[in-house]
Amino acid sequence: MAFAHTHAANPHWLPRASAKTLAHIPGEDGPPIVGNTFRMLKDPRAFGRRMFDRYGPIYRNRAFGDTMLNLIGPEANELVLFDRDKIFSSEQGWGPLLNLLFPRGLMLMDFEKHRADRRTLSVAFKPEPMRHYAEQLNRGIAREVRGWANRPMRFYDAIKALTLDLAAESFLGMELGPEAKRVNQAFVDEVQASVAPIRYPVPGTPMARGVAGRRYLIDLFKREIPRRRDGDGQDFFSHFCRATDEQGRPLSDAAIADHMNFLMMAAHDTITSSATSLVLLLGRHGAWQERLRDEIMALGLNDDEGLAYGQLDRLTLTDYAFKEALRWMPPVPSIPRRALKDFEFGGYRIPAGTQVGVSVAFTHHMPEIWPDPHVFDPLRFEPEKVRARHRFAWVPFGGGAHMCLGLHFAEMQVRILMTQLLRRYRIDVPEDAGHDWQAWPIPRPKDGLPVRFVPIG
């Protein structure tokens, strides 16, 4: 089992709660050995709806070699993500899935260690570095999208290649060149391994490919660290290499490489997913596409200008549309934790050692919170409507101490992308495109989202 392996490598982890101690929680264990793993992977939204309808906002489920409890709804999100009483471990929650692939990344840290490393890394997200990244993003996106006119393409594939190039420039401060294909495949292998049913790196399995991909990327990052420590580069990597903790000590080479491995993955895989869902929705809803184009044109940019860092906040409707796309298809569908203490939820006493998860995707489609949840309606994010909802009803970036460190970078990149696309093109998506998505580990359309960008004017 995954837990047995990771627990042996992490002796401070709590033993998992036994099935007997969770028997009082309603739910299903599924078939022997595999549990509900394949049912979840096949159609997680339908699986979650069936379980919620049958058992309510807390239910027991067995998947990926472990028994866990799913806690559903905004109140559950607040309890687990805000974690006022420090009940829940992110390290021990994500660890069974990610410990062999992204160890010591921010998601696999807790409490004071997490706070210290997050504070050290946050230097790369301050206004001056962000202004520098905005300039790079404008140049890189404009250079690429100029060649997209009237070219039938799969948007997911195109934007994934572009976001990897942009992440390499902004995060690594380097061009990947001929190595780009291998770097991208290494990240793909890591991400796919995170939900592989076989949790050991047995030769020939997805987990073995993921572990090999991690080894290659860590070596790549470590080779660059000495030069970055002595330089004055303005990319994320260089900032991390020069950063110091509260005692003035630099991060270790291993810590820098691990953080870069995780952040590079997040910087292009999650943005790829969310940008794809936004382009699909705008392609399906021409009126909203026109409203965003009018807002962008009102900035008065000429052909050579990009969206300046100081203009980001002027794209209010674009912001609403992106938030609605994140509601419709959050790039992280669920968030796991492990309970370090006994706690109560939904009238049940839950023991320490229990694996728990909150479902971002399910909460984002609860009709009692989001009327007509399958309808694309960016005006859900007008300020008065946001204030009327539970503050943990919308959590695509997580919440609490583990709120996504790069959320402002993601918002900036998508706004710049929309500015460069919509002032040049009309997004034309075939009627039958983008209907079937692979939900795990990071959502993507199975058809790659065929699209055509038609020049305007």
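Our subject is the structure that appears above.
The rules behind these values
- Residues numbered from 1 in each chain as written.
- Predicted model: local features only at pLDDT ≥ 70, side-chain atom pairs only at ≥ 80, totals over all residues.
- Heavy atoms only, no water.
- Salt bridge = Lys/Arg side-chain N within 4 Å of Asp/Glu carboxyl O.
- Helix = DSSP H or I, 4+ residues; strand = E, 2+ residues; numbered from the N terminus.
- Expected span 1.5 Å × (residues − 1).
- Contact = heavy atoms within 4.5 Å.
- Axes fitted to C-alpha atoms, helices over the stretch in contact; angles between N-to-C directions.
- Parallel < 35°, antiparallel > 145°, perpendicular 65-115°, else oblique.
- Left-handed = near helix turned anticlockwise from the far one by under 90°.
- Nonpolar A, V, L, I, M, F, W, Y, C, P; charged D, E, K, R; others polar.
- Pairing = 2+ DSSP bridges.
- Patch = residues over 30% accessible without salt bridge, like charges linked within 9 Å, V, L, I, M, F, W, Y side chains within 5 Å.
- Areas by Shrake-Rupley, 256 points an atom, 1.4 Å probe, with all protein chains shown as cover.
- Buried < 20%, exposed > 50% of the residue type's maximum accessible area, 1.4 Å probe, protein only.
- Polar contact = N/O pair within 3.5 Å; in protein donor to acceptor, adjacent residues only side chain to side chain.

Chemist: Is there a simple way to explain the pattern of salt bridges in this structure?
Modeler: One pass over the full model with this rule turns up 28 salt bridges. Salt-bridge contacts for Arg-16 lead to Asp-66; the nearest nitrogen and oxygen are separated by 3.6 Å. Highlighted residues: Arg-16 in the loop between helix H1 (2–9) and strand S1 (27–28) and Asp-66 in strand S3 (residues 66–71), separated in sequence by 50 residues. Its salt-bridge partner being Asp-313, residue Arg-415 comes within 3.9 Å of it at the nearest N-O pair. In this pair, Arg-415 is assigned in helix H17 (residues 407–422) and Asp-313 in the loop between helix H13 (286–297) and helix H14 (316–328), connecting sequence segments 102 residues apart.

Chemist: Could you clarify how one ought to interpret helix H7 (residues 127–145) in this entry?
Modeler: Every α-helix winds through 3.6 residues per turn, so residues three or four apart in the chain are directed the same way. Along its 19 residues, H7 runs 26 Å from first to last C-alpha, staying within 8% of the 27 Å computed at 1.5 Å per residue. Residues of H7 that are buried in the fold lie against helix H8 (155–172), helix H11 (236–242), H17 and strand S10 (425–428).

Chemist: When you look at the packing of helix H10 (residues 206–230) against helix H12 (residues 253–284) in this model, what are you seeing that I'm missing?
Modeler: A packed helix pair is summarised by two numbers, namely the angle formed by the two axes and the spacing between the axes. In the contact formed by H10 and H12, the axes pass within 9 Å of each other and the chain directions differ by 120 degrees. Between H10 and H12, the crossing angle belongs to the class labelled oblique. Between H10 and H12 lies a crossing of right-handed hand. Counted together, Arg-214, Leu-217, Ile-218, Phe-221, Lys-222, Ile-225 and Arg-229 of H10 and Asp-253, Ala-254, Ile-256, Ala-257, Asp-258, Met-260, Asn-261 and Met-264 of H12 form the full contact between these two elements. Split into classes, the residues belonging to the contact of H10 with H12 amount to nine nonpolar, one polar and five charged.

Chemist: Sorry, what's going on with the sheet that holds S10 here?
Modeler: Backbone-to-backbone hydrogen bonds join strands into a sheet, with any given pair of strands oriented parallel or antiparallel. With antiparallel pairing, the three strands of this open sheet are ordered in space as S5-S13-S10. The two strands at the open ends of the sheet, each matched to only one other strand, are strand S5 (153–154) and S10. The pairing of S5 with strand S13 (residues 450–455) spans two bridges and is classified as antiparallel. By the bridge assignment, Arg-154 is partnered in S13 with Pro-450.

Chemist: How should a nonpolar patch on the surface be read in this particular structure?
Modeler: Taken together, Ile-33, Val-34 and Phe-38 make up a surface patch of nonpolar side chains, about 310 Å² in accessible area. For Ile-33, the location among the structural elements is in the loop between S1 and helix H2 (37–42). Residue Ile-33 is classed as exposed on the basis of its relative accessible area, which comes to 69%.

Chemist: Just checking my understanding: could you explain the side chain of Ser-89 for this structure?
Modeler: Mapped onto the elements, Ser-89 comes out in strand S4 (residues 88–89). One polar contact links the side chain of Ser-89 to the main-chain amide nitrogen of Glu-91, over a distance of 3.4 Å. Contacts of Ser-89, omitting those with residues within four sequence positions, involve Asp-110, Arg-337, Arg-338 and Leu-340.

Nothing here speaks to function; it is all geometry.
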